[in-house]
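Single-letter residue listing:
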Amino acid sequence: MSGPGWASEAPCAGDLRFTPDNATADSLSKPEMRSLLAVCRECPFRAQCIALVKPRGSLFDGICGGRLWLDGQVHATCEDAHPGELAEGAAPITHGTPAGARAHNRRGETACSLCREAGRLDQALRRGRNRASGA
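A. Representation of the pattern of salt bridges in the model. Counted under the stated rule, the structure contains 7 salt bridges. For E85, the salt bridge is made with R46, and the minimal N-O distance between the two is 2.9 Å. One end of the pair, E85, is in the loop between β3 (73-77) and α4 (98-106); the other, R46, is in helix α3 (residues 46-53), with 39 residues separating them in the sequence. Between R120 and E117 there is a salt bridge, and its shortest N-O distance comes to 2.6 Å. Linking R120 with E117, this pair stays in helix α5 (residues 113-133), spanning 3 residues, or about one helical turn.

Here it is in structure tokens:
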């Protein structure tokens, strides 16, 4: 997926708890806020989320890209979050494609299920072509 269309498919879509109004260090340190990070753990759109919101540059408060932010600084991180996701200019991953699987790999992260399957099918196709050509 590319463009902002992915945002409607993110597990947090429409949940205003991820972007609370008048956030403070106290309100963001509540257990409820940290438990929301678990939602981000399986989200395949963490890097795109950061690239869209640009939390450092916008001094974001709330949860974005698997991190809990206050004034654009990370205060907590979900499990499986990768430093490569923090690039605010990171190109979005085209999920469900071999290129998406390679992009996950370049970022040092575990590929989402869609990209993992696309990568597996692409590898099988390449092996079949190599066998057919005698290589």
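B. Molecular detail of the side chain of R46. A relative accessible area of 7% means that R46 is categorised as buried. Of note is the side chain of R46, whose polar atom sits 3.1 Å from the backbone oxygen of C40. The contact partners of R46, leaving out residues within four places of it in the chain, are C40, R41, G65, G66, C78, E79, D80, A81, H82 and E85.

C. Up close: the layout of surface pockets. Space inside the largest pocket adds up to approximately 430 Å³. Forming the boundary of the largest pocket are 24 residues, of which E42, C43, P44, T110 and C112 lie nearest the centre. Looking at the lining of the largest pocket residue by residue, the class counts come to 9 nonpolar, 6 polar and 9 charged. Considered as a void within the structure, the second largest pocket measures approximately 330 Å³ in volume. Every residue lining the second largest pocket is counted, 23 residues in all, and those nearest its centre are A10, C12, F18, C49 and I63. Contributing elements (two or more residues each) for the lining of the second largest pocket: α2 (31-41), α3 and β1 (62-64). Among the elements that line the lining of the second largest pocket, the one with the most residues is α3, at 4 residues. When its residues are assigned to classes, the lining of the second largest pocket shows 17 nonpolar, 4 polar and 2 charged.

What counts and how
Residue positions are given per chain, counted from 1 along the sequence in the order it is written. Where totals are concerned, whole chains, interfaces and linings use all residues; where local detail is concerned, this predicted model gives features only for residues with pLDDT of at least 70, and gives and counts side-chain atom pairs only at 80 or more. The side-chain figures draw on all heavy atoms in the structure; neither hydrogens nor water molecules are used. Only one rule defines a salt bridge in this text: a Lys or Arg side-chain nitrogen within 4 Å of an Asp or Glu carboxyl oxygen. Each helix corresponds to a stretch of at least 4 residues labelled H or I by DSSP, and each strand to a stretch of at least 2 residues labelled E; elements are numbered beginning at the N terminus. The cut-offs for exposure are 20% and 50% of the maximum accessible area for each residue type, with area from a 1.4 Å probe on protein chains only; residues under the lower value are buried, those over the upper are exposed, and the others partly exposed. Contacts described as polar in this section are N or O atom pairs within 3.5 Å, which, within protein, must combine one atom able to donate a hydrogen with one able to accept it, while residues neighboring in sequence count only if both atoms come from side chains. By definition in these notes, contact holds between two residues if any of their heavy atoms fall within 4.5 Å. For each structure, a 1 Å grid was placed over the protein atoms alone; sets of points admitting a 1.4 Å probe that cannot get out are labelled cavities, open sets with protein on both sides within 12 Å along at least five of seven lines are labelled pockets, and lining residues have an atom within 4 Å of a point. Grid points are joined across faces, edges and corners, and a volume is the space filled by probe spheres set on the points. All amino acids are sorted into three groups, where Ala, Val, Leu, Ile, Met, Phe, Trp, Tyr, Cys and Pro are nonpolar, Asp, Glu, Lys and Arg are charged, and the leftover types, Gly among them, are polar.

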